[in-house]
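# Chains, contacts and geometry: an overview
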Amino acid sequence: MVKQGRDPRAELVEAGARVLAEQGPGALSARSLARAAGTSTMAVYTHFGGMPAVVRAIIHEGFARLAAELAEVPETTDPVADCAALAFAYRRAAHRAPHLYRVMFGATGFELTSEDRAIGAYTLKVAHDVMIRCIADGRFRPAEPWVLTRQSWCLAHGLVSLELAGFHPDPATADTDYRTHLINFAVGAGDALPRAESSITAEGRQGIRGRGTVGDQRSSSSTVTAVTSPSVSASAARMARFTGST
């Protein structure tokens, strides 16, 4: 039953994310969503108009969770280590809710909108800021920071997707592989191999465990509010124009 005093729309988004995380995209329907939220299918259509809007809200929730994971990474005096820390935080977020992670990138049959993609790009601004620091400190050669950000995102997303698909059944091997690719990325961006190894090996020791556990399906309705607020949507639109992600 939707709790009195709670936002029923946020409750439905929470329930949808839970269904995705526990049962996968194929299990999500108006009926299963209503059942998980303790309400009626009419409520689903009243608040969203249909399942595409529900999925879109869940995508925004997924990026809110990712943003929260990245925000927990502390800034240090070593920008390359910070870059690696963000990459491992990205990987942990995917492992915490693999079904939700897949939905964030279109594995639902519903097409992502430019706004959905803009919110994804805005979430990675923290990585962009670290790239600027890597260049300013002389660790990376001068380059367009957003290009480096997209390159690192492609690397992390590709490796995480392969891992979630079962191509790295041994977590220890997956940790090593992920760390090696991050070192190679840093060297390709201009860092010296010994420095890259020192920064990234130290940061990568936590692997996918890090803070919390892989099975931790954390969420809060406040993250839904934060992501769907007009100010964030407007910022996402500005970020999309700046990065060319639309």
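Quick summary incoming for the structure in this document. Treat the numbers as computed from the prediction; the structure is a model and nothing was measured. Residue numbers here run from 1 along each chain, matching the order of that chain's written sequence. Predicted model: local features are reported for residues with pLDDT of at least 70 only, side-chain atom pairs are reported and counted for 80 or more only, and whole-chain, interface and lining totals are derived from all residues. Calculated side-chain values reflect all of the structure's heavy atoms, with hydrogen atoms and water omitted.

Attention shifts here to the overall build of the protein. Helix numbering and strand numbering both begin at the N terminus, where a helix is a DSSP run of H or I of at least 4 residues and a strand a DSSP run of E of at least 2. Scanning the protein from terminus to terminus reveals 13 helices and zero strands. Helices and strands in the protein line up, N terminus first, as α-α-α-α-α-α-α-α-α-α-α-α-α. Between two residues, a contact is recorded if the distance between any of their heavy atoms is within 4.5 Å. Intrachain contacts of the protein at a sequence separation of at least 6 include 71% that bridge at least 24 residues. Only the protein chains shown count as cover for residues, with accessible areas throughout obtained via the Shrake-Rupley method and a probe of 1.4 Å. For the protein, the exposed area adds up to about 11500 Å²; of that, 57% sits on carbon and sulfur atoms.

Our focus in this paragraph is helix α4 (residues 51-71). Residue pairs three or four apart in sequence face the same way in an α-helix, which turns once every 3.6 residues. To estimate how far a helix should extend, the number of its residues minus one is multiplied by 1.5 Å. The end-to-end C-alpha distance of α4 is 30 Å, a good match for the 30 Å that 21 residues give at a rise of 1.5 Å each. Burial runs high along α4: 15 of the 21 residues are buried. A 1.4 Å probe rolled over the protein chains alone gives each residue an accessible area, and that area as a share of the maximum for its type sets the label: buried under 20%, exposed over 50%, partly exposed in between.

Okay, the nonpolar core next. Considering soluble globular proteins, one finds that nonpolar side chains tend to be buried as a cluster. Within this scheme, the nonpolar core is defined by two criteria: the residues are buried Ala, Val, Leu, Ile, Met, Phe, Trp, Tyr or Cys, and they are joined through side-chain atoms within 4.5 Å. With 62 residues, the main nonpolar core has Leu28, Val44, Ile58, Phe140, Tyr178 and Leu182 as its most contacted residues. When residues in this core are grouped by element, the largest group, 11 residues, is from helix α5 (residues 79-96). Ignoring any residue separated from it by four or fewer positions in sequence, one finds leucine 28 in contact with Gly16, Val19, Leu20, Leu33, Met51, Val55 and Ile58.

This part is about empty space enclosed by the protein. Whether a set of points on the 1 Å grid over the protein atoms alone is a cavity depends on a 1.4 Å probe fitting there but being unable to get out, while an open set qualifies as a pocket with protein on both sides within 12 Å along at least five of seven lines; lining residues are those with an atom within 4 Å of a point. Grid points are joined across faces, edges and corners, and a volume is the space filled by probe spheres set on the points. A full pass over the atoms with the stated rule returns three cavities of 30 Å³ or more. There is about 170 Å³ of room inside the largest cavity. Counting residues per element, the ones that place at least two in the lining of the largest cavity are α5, α8 (125-136), α9 (145-167) and α10 (171-188). Under the convention adopted here, Pro, Cys and the residues Ala, Val, Leu, Ile, Met, Phe, Trp and Tyr are nonpolar, Asp, Glu, Lys and Arg are charged, and Gly plus all remaining residues are polar. Within the lining of the largest cavity, the residues separate by chemical class into 13 nonpolar, one polar and no charged.

All right, on to the pattern of salt bridges then. Throughout this description, the term salt bridge denotes a Lys or Arg side-chain nitrogen within 4 Å of a carboxyl oxygen of Asp or Glu. If you walk through the whole model with that rule in mind, you get 10 salt bridges. Salt-bridge contacts for glutamate 61 lead to arginine 65; the nearest nitrogen and oxygen are separated by 2.9 Å. With glutamate 61 and arginine 65 both in helix α4 and four residues apart, the pair spans about one turn of that helix. A salt bridge links aspartate 78 to arginine 139; its shortest N-O distance comes to 3.2 Å. A residue pair is termed long-range when its members are at least 10 positions apart, and aspartate 78 in the loop between α4 and α5 and arginine 139 in the loop between α8 and α9 qualify at 61 residues. Overlapping salt bridges, with partners in common, bring together Glu69, Arg92 and Arg96 in one network.

No statement about biological role is implied by the geometric values presented.
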